[in-house]
Amino acid sequence: MWAVLFALAMAVVAPAARGADDVPTPQPRPVRSGDPPGATPRESEAEKGSKSAEGEKGAKDEAGLPDAGEVPRPEPRPDQPGETKAEDEPPADAGKEEPSPKPEARPDRPGDGEGKDESPADAGKAEPSLMPPPRPAEMPAEETACRARLKELGVAFEERPQLADAAGCSVPWPIAVSALSKDVALAPEAVMNCATAQRAAEFSRDHIVPKASAILGSALTSIRQDSAYVCRPRHGSAKLSEHAFGNALDIGAFTLKDGRTVEVGKVSKRQEGEFMLAIRLAACGPFTTVLGPGSDADHASHFHFDLAARRKGSAFCQ
Ligand SMILES: [Zn+2]
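Residues numbered from 1 in each chain as written. Predicted model: local features only at pLDDT ≥ 70, side-chain atom pairs only at ≥ 80, totals over all residues.

### What to know about the overall build of the protein
Right, on to step 1. The number of helices and strands found in the protein is 6 helices and 11 strands.
Right, on to step 2. For the protein, with 318 residues in total, the buried portion stands at 31%.
Right, on to step 3. When contacts within the protein are restricted to residue pairs at least 6 apart in sequence, those whose partners lie at least 24 apart make up 64%. (Helix = DSSP H or I, 4+ residues; strand = E, 2+ residues; numbered from the N terminus. Buried ≥ 20, exposed ≤ 12 C-beta atoms within 10 Å, placed from the backbone. Contact = placed C-beta atoms within 7 Å.)

Printed below as a string of structure tokens:
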């Protein structure tokens, strides 16, 4: 009996006895109504998670990672502090094709057939406005230089008005591209930023054109694009797709001078498979994200190429 009373007395006295100097001692929160009976007062999982996510973002910022609209990451991931951004790409990108594009960004095309253009892109409408500011009156020097380069490459393009959306989608100086060279059409016309158009034209000249001749035995005449600028978030995420910045191009098929059209994901001959693989491997580097059939269900029928900002020299290719 005395022993029990003594123990109780110590239990009551002990915390007070530590005094006010023990500042580092975490203050237990009271047990909340939702806690299970006997729950120890401690940080909830959610609280831990959000702290961890903040820490992770801070670490990224310190590392000087370029931000292409990819942070903050919405899901707390307390267990994987060292996980690289690139590893997040496949699931994050997985649903890129599902949310619908704005009609003005890319008019519905016959044959699109995926039903993905039908519902309004209202995912971000409830968020506070992220409307980009109006672009300056004068075109920046890098945009001017890019256009000069496009002309050298033989790219056919037209200027378009600034693209800006309260969801944060933004292309200050978009262009509509209808050919990547004098010989290679891009159809239908694709709206993107100039840097993406330049990279696509160079990639076509350096890789797609020579590989089509060498592997498929006929000259490339046209590339079918399945998506370029589209204002939409990634699937299951608040992050915007690279498509929302005119920074991505989806390619669905290649048409040759002999009349053949080889579609991504519908390869039937060995040479066609070889051609697709060669394109895909070569794209990793010139583009910083390369996805396609096998990456996930949403990329079964096209290559996704983008210029997401990453650490210098790094690319995510799957
Ligand atoms: Zn894409």
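Right, picking up where we left off after that structure.
### A look at the packing of helix H5 (residues 194-216) against helix H6 (residues 270-283)
Two measures define how a pair of helices packs: the angle their axes make with one another and the distance between the axes.
Right, on to step 1. For the pair H5 and H6, the least separation of the axes is 10 Å and the interaxial angle reads 160°. Of the possible angle classes, the one that applies to H5 and H6 is roughly antiparallel. Pair H5 / H6 crosses with right-handed handedness. The segment H5 lies against H6, with Phe203, His207, Ile208, Lys211, Ala212, Ile215 and Leu216 engaging Gln271, Glu274, Phe275, Ala278, Ile279, Ala282 and Ala283. (Axes fitted to C-alpha atoms, helices over the stretch in contact; angles between N-to-C directions. Parallel < 35°, antiparallel > 145°, perpendicular 65-115°, else oblique. Left-handed = near helix turned anticlockwise from the far one by under 90°.)

### Overview of the nonpolar core
Burial of nonpolar side chains together is a common tendency in soluble globular proteins.
Right, on to step 1. Membership of the largest hydrophobic core comes to 49 residues, with the highest contact counts inside it found for Val177, Leu180, Met192, Ala197, Leu249 and Phe305.
Right, on to step 2. With 7 residues, the single largest contributor to this core is H5.
Right, on to step 3. Ignoring anything within four residues of it in the chain, the contact list for Val177 reads Val155, Ala156, Phe157, Leu186, Glu189, Ala190, Met192 and Ala197. (Core = buried A, V, L, I, M, F, W, Y, C linked by C-beta atoms within 7 Å.)

### Details of helix H4 (residues 141-153)
Right, on to step 1. Between its terminal C-alpha atoms H4 stretches 19 Å, which fits the 18 Å expected from 13 residues at 1.5 Å a residue.
Right, on to step 2. Phi turns positive, to about 85°, at Gly154, one or two residues after H4. (Expected span 1.5 Å × (residues − 1).)

### Here we look at H5
The α-helix advances 3.6 residues per turn, and as a result positions three or four apart in sequence lie on the same side.
Right, on to step 1. The largest bend in H5 amounts to roughly 45° and is located at Ser204.
Right, on to step 2. Positive phi shows up at Gly217, right after H5, with a value of about 75°. (Bend = angle between axes of the 7 residues up to and from the residue.)

### As for the packing of H4 against H5
Right, on to step 1. In contact at an axis separation of 9 Å, H4 and H5 are set at 25° when each is read in the N-to-C sense. Relative to H5, the element H4 is oriented roughly parallel. By crossing handedness, the relation of H4 to H5 is classed as left-handed. Where H4 abuts H5, its residues Glu143, Cys146, Arg147, Arg149, Leu150 and Leu153 lie against Cys194, Ala195, Ala197, Gln198, Ala201, Glu202 and Arg205.
Right, on to step 2. Its residues assigned to classes, the contact of H4 with H5 shows 7 nonpolar, 1 polar and 5 charged. (Nonpolar A, V, L, I, M, F, W, Y, C, P; charged D, E, K, R; others polar.)

### With respect to the pairing of strand E6 (residues 220-227)
Side chains on a regular strand alternate between the two faces of the sheet.
Right, on to step 1. The buried fraction of E6 is high, at 6 of 8 residues.
Right, on to step 2. Relative to E6, strand E5 (residues 185-192) runs parallel, the two sharing 3 bridges. The residue bridging Ala185 from the neighbouring strand is Ser222, located in E6.
Right, on to step 3. As defined by bridge partners, E6 adjoins strand E7 (residues 248-256) across 6 bridges and the pair is classed as antiparallel. Bridge pairing in E7 places Ser227 opposite Asp250. (Pairing = 2+ DSSP bridges.)

### A closer look at unusual backbone geometry
For residues other than glycine, phi is negative in most cases, and the peptide bonds are mostly trans.
Right, on to step 1. Of the consecutive residues Ala187 and Pro188, the connecting peptide bond is found in the cis state with omega at -10°.
Right, on to step 2. Of note, Pro188 is situated in strand E5.

So, to be careful, I would describe these as geometric facts and stop short of saying anything about function.
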